[in-house]
Each structure stands twice: as structure tokens, then as C-alpha cells.
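Breakdown of the fold
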Amino acid sequence: MTISTKAGSPRDRVLIFDTTLRDGEQCPGATMTLEEKLEIADLLDAMGVDIIEAGFPIASNGDFEAVSLIASRVKNATVAGLARAISGDIARAGEAVRHAVRPRIHTFVSTSPIHLAHQMRKTEDEVIEIITATVAQARNLVEDVEWSAMDATRTSIDYLCRCVEAAIKTGATTINLPDTVGYATPDEYRHMFRSVRERVPNSDKAIFSAHTHDDLGLAVANSLAAIDGGARQVECTINGIGERAGNAALEEIVMAIRTRSDVLPYETGINAAMLTRASKLAAAATSFPVQYNKAIVGRNAFAHESGIHQDGMIKNAQTYEIMTPESVGVSKTSLVMGKHSGRNAFRTRLGEMGYDLSDNQLEDAFVRFKELADRKKHVYDEDIEALVDQNIAMAHDRIKLVSLSIVAGTRGPQRATMKLQIDDKVVTEEQEGNGPVDATFNAIKALVPHEAVLELYQVHAVTEGTDAQAEVSVRLSANDRSVTSRAADPDTLVASAQAYLGALNKLMSYGARLHAQHAAE
Ligand SMILES: CC(=O)SCCNC(=O)CCNC(=O)[C@H](O)C(C)(C)COP(=O)(O)OP(=O)(O)OC[C@H]1O[C@@H](n2cnc3c(N)ncnc32)[C@H](O)[C@@H]1OP(=O)(O)O
Ligand SMILES: CC(C)C(=O)C(=O)O
């Protein structure tokens, strides 16, 4: 099947066969409700999936009902029901898909020696007879019959060719050669498709299909190799969910074909902008979270934290992104601020947040940002805001905190050892208190004797989590003047000391007469 591209060069169409609702549901814990299946089927249809494998109708009444309902509501896609090479399975699958606009029966039987000997307990000739009888039965029910050779990749090529020839002769229109146990390498899989297509005399009467599993992490690579070997249908699932390590991920195949159209001259009918939505829906329905670094749909797929990458992204997104986030339905790239970020990203984020800092202010804030990022897993905008505001506010302070250590716990009294820089003199003091905050404030009072009264002391977390920054507010009053100062730090006691000192600095800058001036002398 060939279609023309906009540029006029012919590209082969690769059919996308989605089996999220059948093989995807087979992985332990991924069972979906009827409503969830209907919602997924509607989305797959709207997204442009060519064939939706809706379930295995003989498996249960629930599966039968889901396949029947999906068959009656899907508007464009072919709806397939799976059936073993057993008459009852095929009749049930035929019944389930009968109201589909485009119904398909997908029947399969094992072909590898290990499966024939141990699972089927049949000879090769007996299985050929089973293929002939069951494909013929399916063909009597629907025109579109897919036949699969279970464990094809561990089957001898001679016997596989005999099976495929028999299936096509009896009426199979699609031949699927699955790598059922995820054992093949891309070269082997490509070669298998080439050999079977070359050696089977009637191979041109069927579309060949690849169905891969990810036991060795090769499912997508094998699917692409199969296409190179002549397959024009690929069987895959949203988020790559499926039996054991999963199936080939639909979104990865689609985006590989789209992004590397220079070396993969194919097209799919998928509206890629819906991939992220489909991923979220499948994850919610199955309760299988998508790993953060999952290709295409993982939450880090379009996120950058390292400074060199962020710098490149700011200059030109193509430096570190091979596809746009919009192309897969993600609204924008995110530059995550963290310990690996650099100045360019920090300055850019501050600009977006409305700050216009001088070079010196920026440098100071950047140093403090790196210190914070070393201590904190996530640095949010609110953290940066708190840090920069504090930095600007502290620029002209006469009293600065150099260090603070606290002894706290059940065996009081609590003790604070504090070092301050007052103008250009460094002074140290150790004080006890009724709790670590009291000890801290006592140390300040000892180092900067004053008569200001503490009117308010309040603590709240800037963001969520146990490593959140504490934002402390302190209000002091002296000589009829009242000032409030805020400070943030992951350490509540450091934030408390900074806020208290901030208030003292403000009082001093308003000209309040504090003994601090004497202490600094
Ligand atoms: C590679 C794949 O993904 S194949 C699809 C796998 N999916 C599933 O199995 C999910 C749904 N399965 C089920 O609900 C059940 O297994 C059923 C309803 C299909 C069958 O249940 P049971 O009749 O209890 O059989 P059970 O599951 O214990 O064993 C499977 C039987 O099917 C036979 N069988 C397996 N595959 C095939 C096949 N393709 N064609 C014919 N028979 C087959 C096995 O040899 C075994 O037969 P036996 O009982 O005569 O030894
Ligand atoms: C039923 C077949 C197609 C299958 O799921 C497999 O072989 O993995």
C-alpha cells in the first residue's frame, strides 16, 4: 500500500494495530472496566488507529461484551477479536465483532517445536490441518481474517513457510509473525520476514504484520526491522503495556517513523498530537504509571535540568530536542531549575517571573540558588522568588548571619552558637533557651543588644514536602516603629535567625537607636 507524501515522494503506509485492550490488558494488574475500555477505544479510533484489537471474546462474558460494544460504536477502525485455533473461540469472536463497520477475526496457533511438543501436544502436520480448518471457519464469518503463528521467532523457517502458505491459501488476509517471547534480534526478525515473503508463493496475497515483546528491550527496534523486512502492519500498545515486559509502544513506533522519515520512508495514519492524551488515559485506566524517562510520553521526555542543555534550548530548541513537544500533544518544553542548572536558565526563568536584576544581584542570587539546590530535591518558582527577594532585601544589611549551629532535642536546654558579621567585624556567642528558636533569638540579643519587642513570629512552608523551605516572618517594634521581615530557608532555624536579623537591619536603616550600632563599633 503506497500513499503520496506532500512532497510527492511515495511512502508506504504502515497500518497501526493497537492491542492495548487485549495484550495490554493481559499484564498482571492492568484489568480495565468496560467504561474505561470504551473510552480508550473511542480515543484510539479518533487518533487514527487502523485496527483495534478489542479483546479475547472467549475469555469471559465481560470480554465478549466489551468487544461487542466496541464493535458497534467504533466509526473508522477495524475491530478485531482474538480466537485460539478452536472452533468455539472463532464462533464467539465472530459473534462479538459482527456489528463492526470493519470486523476482523484474529486467530492464532503455536508453530514452534517447544510449543507444539509441550503446549499443543500436536505434530506439525496436525497443526497445518488445524490452521486450514480454523482459518476457513473464520473466513466464512468475516472477510478480514488475521492468522498468527504464535512463537514464530523460535519456529524453523521451513515449517513457518508451510504454515503461512496454508493460512493464506485458506483465506487469511493478514499474516502475523510474532516474537511472542521477545527473543529475536532486529537482524533476525528482519531476515525472517524477508525469507517468508520470498519463499511463500502466495505471500503477495496478504499483509504481513509484526507483533513484538520487550523482554530484551528490543520490541520497537524489532518492529522497525520487520517493516524493513516487508511488514506493513505493526501490533503495539499505548505506553508499551502488555504481557511480561510489555509490547512495542505505539507512540515510539509512530514517532520514530515520523521523526526519522529520512531513513524510514513510511507513513502511519496516527494523529500524533493525541499521543500524550492516549498515554494518560491508558495509565489512568490500568493504574500503571508511566516511567518518568519513558520515550515520547514520559514526564521528562521534554524536560531539561542541566545547564548546558538549558543554555542550548534557550538559544535554539533543536540543539537538544529532535521533535517538538507540541507534535505529541505536550504544551511546551520545561526547563526544570535544579542543582545542574546554569546562569542562562536562571536568568531566563527570573525574567519570566518578572525580575530584572543587575549582574551583581544575579550572581549573588545564583550562588544562593546553587546552595539551595544542593540541599533541596525540587526548586520551585516560589523558592526562587523567596531567595531573590531575600537577596535584594539583604543587600544593604549591616548585620549578616555567618553561621548558626543548634543543639536541640528532648534533653534540653537547647543551645544556639551563632556567628554574625556586623559591618566588618565578626562576633560569636553561645546562648541557651527554652527551645531552639528561643536560644537563637537569645544569641542575637546577646550579640546585638536592643530593646525592640518581638510582636510576631510566624512560620509556614513555601512549597510541599519535608524538604520544603520554611518561610519565617518576624515583626519587631522599637521607638514607635514596627517592621516586618521575611526569610526562607530549608532550615527553619536559619530562616528564623535571618528574619529576625532582617527586622533589626530594617529598624537600623530607619534610624532607630539600637545598641547594635554600639556593638558594631
Ligand atoms: C501469546 C498470547 O498472548 S496468547 C493469548 C493469551 N491470553 C490469554 O490467555 C487470556 C485469556 N485466556 C483465558 O481466559 C483462558 O486461558 C481461556 C478461556 C482462553 C482458556 O481457558 P481454559 O479452557 O481453562 O484453558 P487453559 O487456559 O487452562 O489452557 C489453555 C488451553 O488452550 C490451548 N491453547 C493455547 N493456545 C492455543 C491455540 N492458539 N489454539 C488452540 N489451543 C490453544 C492449550 O493447549 C490449553 O489446552 P488444554 O487445556 O487442552 O491443554
Ligand atoms: C496472540 C499473539 C498474536 C500474541 O499475542 C503473541 O504471540 O504474543
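Fair warning: this is a prediction, and the values are worked out from it, not measured in the lab.

What to know about the sheet that holds strand S6 (residues 103–110)
Reading around the barrel, the eight strands line up as S3-S4-S5-S6-S7-S8-S9-S10 and close back on themselves, with parallel pairing between neighbours. On average, adjacent strands in this sheet sit at an angle of 25° to one another, irrespective of strand direction. Judged from the four bridges that link them, strand S4 (residues 51–55) and strand S5 (residues 78–84) form a sheet pairing that is parallel. Residue Glu53 lies in a different strand from S5, and its bridge partner there is Ala80. Set on the sheet, helix H5 (residues 124–141) makes contact with S6 and strand S7 (144–150); between it and S6 the angle comes to about 170°.

Description of the pairing of S6
Across the eight residues of S6, eight count as buried, placing the element largely inside the fold. The alternating pattern of S6 places Pro103, Ile105, Thr107 and Val109 on one face and Arg104, His106, Phe108 and Ser110 on the opposite face, and all of these are buried. Note that S5 and S6 share six bridges and pair parallel. Following the sheet pairing, Gly81 is matched in S6 by Ile105.

So, the site of ligand 1
Every one of the 16 residues lining ligand 1 counts as a neighbour, but Ala59, Arg84, Ala85, Val109 and Gln119 are closest to it. At the level of secondary structure, the elements contributing two or more residues to the shell around ligand 1 comprise S6 and helix H4 (113–120). With three residues, S6 is the single largest residue contributor to the shell around ligand 1. Residues that form the shell around ligand 1 fall into these classes: nine nonpolar, four polar and three charged.

Remarks on the sheet that holds strand S17 (residues 453–461)
Pairing within the open sheet is antiparallel, and its three strands lie in the order S17-S18-S19. Edge positions in the sheet fall to S17 and strand S19 (481–489), since each of these pairs with one other strand and no more. Pairs of neighbouring strands in the sheet enclose a mean axial angle of 15°, with direction left out of account. Taken together, the nine bridges between strand S18 (residues 470–478) and S19 define a ladder with antiparallel strand orientation. Among the inter-strand pairings, Ser473 is bridged to a residue of S19, identified as Arg486. Relative to S19, helix H16 (residues 492–509) is tilted by about 150°, and along the sheet it contacts S17, S18 and S19.

Topic: the domain arrangement of the protein
Taken domain by domain, the protein consists of domain 1 (13–286), domain 2 (303–392) and domain 3 (396–520). The centre of domain 1, based on its C-alpha atoms, is set 68 Å off from the matching centre of domain 3.

What to know about the site of ligand 2
Ligand 2 sits among Asp23, Phe108, Ser148, Met150, Asn176, Pro178, Thr180 and His211. Per-class residue counts for the shell around ligand 2 are three nonpolar, four polar and one charged.

Some details on the UniProt feature "domain: Pyruvate carboxyltransferase" (unreviewed entry) in the protein
The UniProt entry lists residues 14–276 under the feature "domain: Pyruvate carboxyltransferase" (unreviewed entry), expressed in the numbering used here. From the first C-alpha to the last, residues 14–276 spans 21 Å; its make-up is 43% helix and 19% strand.

Side note on the packing of H5 against helix H6 (residues 157–170)
Contact pair H5 / H6: the axes reach a minimum separation of 8 Å and the direction vectors enclose 25°. Here H5 is positioned roughly parallel relative to H6, judged by the angle of their axes. At the point where H5 passes H6, the crossing takes the right-handed sense. Packed against H5, whose contacting residues are Glu124, Ile128, Ile131, Thr132, Val135, Ala136 and Arg139, the element H6 presents Tyr159, Arg162, Cys163, Ala166, Ala167 and Thr170 at the interface. Among the residues forming the contact of H5 with H6, the class breakdown is eight nonpolar, two polar and three charged.

Concerning the confidence of the model for the protein
Confidence in the prediction of the protein, expressed as mean pLDDT, is 93, and 96% of residues score 70 or more. When the criterion is pLDDT under 50, residues 3–8 qualifies, and its contacts beyond four places in sequence or with other chains add up to six contacts. Note on the complex model: pTM 0.84, ipTM 0.98.

Quick notes on the rules
- Residues numbered from 1 in each chain as written.
- Chains lettered and ligands numbered in written order.
- Predicted model: local features only at pLDDT ≥ 70, side-chain atom pairs only at ≥ 80, totals over all residues.
- Pairing = 2+ DSSP bridges.
- Helix = DSSP H or I, 4+ residues; strand = E, 2+ residues; numbered from the N terminus.
- Axes fitted to C-alpha atoms, helices over the stretch in contact; angles between N-to-C directions.
- Contact = placed C-beta atoms within 7 Å.
- Buried ≥ 20, exposed ≤ 12 C-beta atoms within 10 Å, placed from the backbone.
- Near = placed C-beta within 6 Å.
- Nonpolar A, V, L, I, M, F, W, Y, C, P; charged D, E, K, R; others polar.
- Domains from an automatic or database assignment.
- UniProt positions renumbered as here; feature names shortened; annotations may be inferred.
- Parallel < 35°, antiparallel > 145°, perpendicular 65-115°, else oblique.
- Left-handed = near helix turned anticlockwise from the far one by under 90°.
- pLDDT = per-residue confidence, 0-100.

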